[in-house]
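Structural overview for review
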Amino acid sequence: MKLKTGLIKILLLTAAAVAVQAEDELSPEKQISATASIPSKDVRVNSIGYKPALAKHATVVGDHGNAEWNIRSCADDSSVLSGKLSSAVVTSDSKETVQVVDFSALTAPGSYYLHVEGVGKSVPFCVADEVYNDSLELQMAGLYGLRCGMAVSISHGGNIFQHDVCHAADGKMDYVGGTGTIDGTGGWHDAGDYGKYMVNAAFSMGVMLKGWEDFSNQLAHVKLPIPETGGTFPDFLDEMKYELDWMLKNAAVYGDGRIPHKLTRIDFSGMVMPSTDKEDRYWVPYSSAATAGFTAVMAQAARIYRPYDAAYADKLQAAADKSYAWLQAHPERHDPDQAAFSTGGYGTSDSDDRLWAAAEVWETTGSPEALADFEKRAGSARRKIELSWGWSNLGNLGMFAYLSSERKGKDADLEKAVRQEVISTADSVVDLADKQGFGRGLDRYFWGCNGSVALQGMVLRAAHKETHEQKYLDGAIDQISHLYGRNTYNRSQVTGEGINPPMHPHHRPSEADGISDPWPGLLVGGGWPTATDWKDEMESYETNEIAINWTAAMVYLLGMFSEYTEAP
Ligand code: 9MR
Ligand code: 9MR
Ligand code: ZN
């Protein structure tokens, strides 16, 4: 029998409210006994919850010897599972002494907490098949909130987050050798700023559309509070189409296949609402990387949207064909002149983007030239499956597209080598997650590294598809757990949900709208240069901004485990 997540959430909220009330209202003497009901900061769990059949890991900070732990039911505090703490390890990055609890043997749906003898208890969490559905939908709502060119409104946690129509004059042609404007309205704001940057837009779309291709049987059931709901397309594809339509507009700027690098102001705006940001915004000259990312997404989207709307798919395909032809005729890297602009640079080499474009064009069209293009790039560079990857280093997207393709004609040796690479990189992710202490499957810290932690879901899923070994799914659950509280901060890294979530993201609407809670469903970039450097401060754009590429990684990771049991 399946427990309803809604019901479990009510139970959890009640438990949390009781704990807070106990702390606030009791006399000092009574507070001493009440602390027993307040969660300990040293017991770190996934504050959203766990899937019944997959790994359940928690971390206890300190060395408590072989103390006993118990999983207790929230309903009556009865113990349903117990064990002894593992031996202490020192986390490789934050240098904390910790002990790991593996309670994967707990498989019955319900709401629970972890209690550790001599330490205390965790926050409550649920175990349910559909445990991540709401989080996935919150990420999608977060994306919707980043929509440019229209008014948006999101209701969450008792607040209404909204902005009016913005950036309706996008964008001026002065820097691309033209006059006047060409329509560039729509799409998502990139991040905490209001720029629109093709390299990152393409990467984000590539990640989420791959999610659609891998999990459409689940994602087709996602229901979103967006105006297009119930139309021609599933809601998930409606939200993606909002960005795709903006991407298509980019093709009109040059008209010959080249794609502008970005559409932004000359400098960043202040921390104002988008509708009050009235400075001129300009198309910025083309780059080969932006053109390649655009090509990849157009090709990928053409095959995804074809079953729903053939005419739209034809448009996407024509855009892919034109830009791919331009890339083939211009094999040299071309970087844009951005000297006049101090907005985000998104400067990057283009060999990874071109590899990805070739893979997607081949998958959609079966073109032998595109296959040869991909195989030459993948073979000659002896391209790896990268452990640490993202918008500037996205070759993995091309490699996964190739490996998962069912088309005939692949070079058997190359395919085998890619398969082995996928498995060995996924093994590294699992090893890191097992050893690190807080389950993190990445050993580096950089701007936006939380997004790269979430991206490991795609590496692990690719390995699982090849081997069917559960350890890869368990490793992906560890990444979700890490980002929702099993970490050095004991805090969720997503606004609006989980334990003690970020309150001051570098996100202009959150700062400017006069509501103390930030807009929900947004993953913050994360601490760097070391594990303990995250600051939940608006000024810390290096660690506390939000961005569509990090959200995209979360959409993939949570989509991987979404489970909709009822008919849509
Ligand atoms: O607000 C900007 C943020 O969105 C960018 O990611 C970041 C790095 O490019 O820059 C922020 O803008 C700051 C600028 O670079 C320097 N002056 C202060 C700006 C606002 O904090
Ligand atoms: O995510 C980007 C990160 O990898 C770069 O190191 C950083 C500095 O160039 O820029 C990040 O992207 C920002 C972009 O330049 C402007 N919009 C906000 C993005 C997230 O901080
Ligand atoms: Zn806007």
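Residues numbered from 1 in each chain as written. Chains lettered and ligands numbered in written order. Predicted model: local features only at pLDDT ≥ 70, side-chain atom pairs only at ≥ 80, totals over all residues. Heavy atoms only, no water.

A look at the domain arrangement of the chain
Buried accessible area, meaning the area lost when the parts come together, often serves as the stated size of an interface. Domain assignment breaks the chain into domain 1 (5-127) and domain 2 (133-559). Of note, the centres of domain 1 and domain 2, computed from C-alpha atoms alone, are 34 Å apart. Of the residues lining the interface, 25 residues belong to domain 1; the matching set on domain 2 comes to 25 residues. Here domain 1 and domain 2 share an interface that buries about 1900 Å² over both sides, 55% of which is from carbon and sulfur atoms. Breaking the side of domain 1 that touches domain 2 down by element, the ones donating at least two residues are β1 (43-44), β3 (57-61) and β7 (97-102). Here the side of domain 1 that touches domain 2 takes four residues from β3, the largest share from any one element. A class-by-class count of the residues in the side of domain 1 that touches domain 2 yields 12 nonpolar, seven polar and six charged. (Domains from an automatic or database assignment. Contact = heavy atoms within 4.5 Å. Buried area = accessible area lost by both parts, 1.4 Å probe. Helix = DSSP H or I, 4+ residues; strand = E, 2+ residues; numbered from the N terminus. Nonpolar A, V, L, I, M, F, W, Y, C, P; charged D, E, K, R; others polar.)

Considering the sheet that holds β7
Strand order in the open sheet made by the four strands is β1-β3-β7-β6, with antiparallel pairing throughout. Strands at the two margins of the open sheet, each flanked by one partner only, are β1 and β6 (89-90). (Pairing = 2+ DSSP bridges.)

Focus on the packing of helix α8 (residues 351-365) against helix α10 (residues 395-404)
Contact geometry for α8 and α10: axes closest at 7 Å, N-to-C directions at 25°. By the criterion of interaxial angle, the relationship of α8 to α10 is roughly parallel. α10 is crossed by α8, and the crossing has left-handed handedness. Here α8 contributes D352, L355, W356, A359, E360 and W362 to the contact with α10, which in turn contributes G395, L397, G398, M399, A401 and Y402. Its residues assigned to classes, the contact of α8 with α10 comprises eight nonpolar, two polar and two charged. (Axes fitted to C-alpha atoms, helices over the stretch in contact; angles between N-to-C directions. Parallel < 35°, antiparallel > 145°, perpendicular 65-115°, else oblique. Left-handed = near helix turned anticlockwise from the far one by under 90°.)

What about the coordination of the zinc ion (ligand 3)?
Coordination of the zinc ion (ligand 3) by the protein comes from C148 (SG), C166 (SG), H167 (ND1) and H189 (NE2), over a distance range of 1.9 to 2.3 Å. Geometry at the zinc ion (ligand 3) is tetrahedral, judged from the four donor atoms that bind it and their angles of 101 to 114° at the metal. Ordering the donors of the zinc ion (ligand 3) by residue number gives the pattern C-x17-C-H-x21-H. One end of the pair, H167, is in the loop between β12 (159-163) and β13 (196-197); the other, H189, is in the loop between β12 and β13, and 22 residues separate them in sequence. In this pair, the class of H167 matches that of H189, namely buried. (Donors = N, O, S within 2.8 Å, 3.2 Å for Na, K, Ca; no water. Tetrahedral: all angles 85-135°; square planar, octahedral: opposite > 155°, others 65-115°. Buried < 20%, exposed > 50% of the residue type's maximum accessible area, 1.4 Å probe, protein only.)

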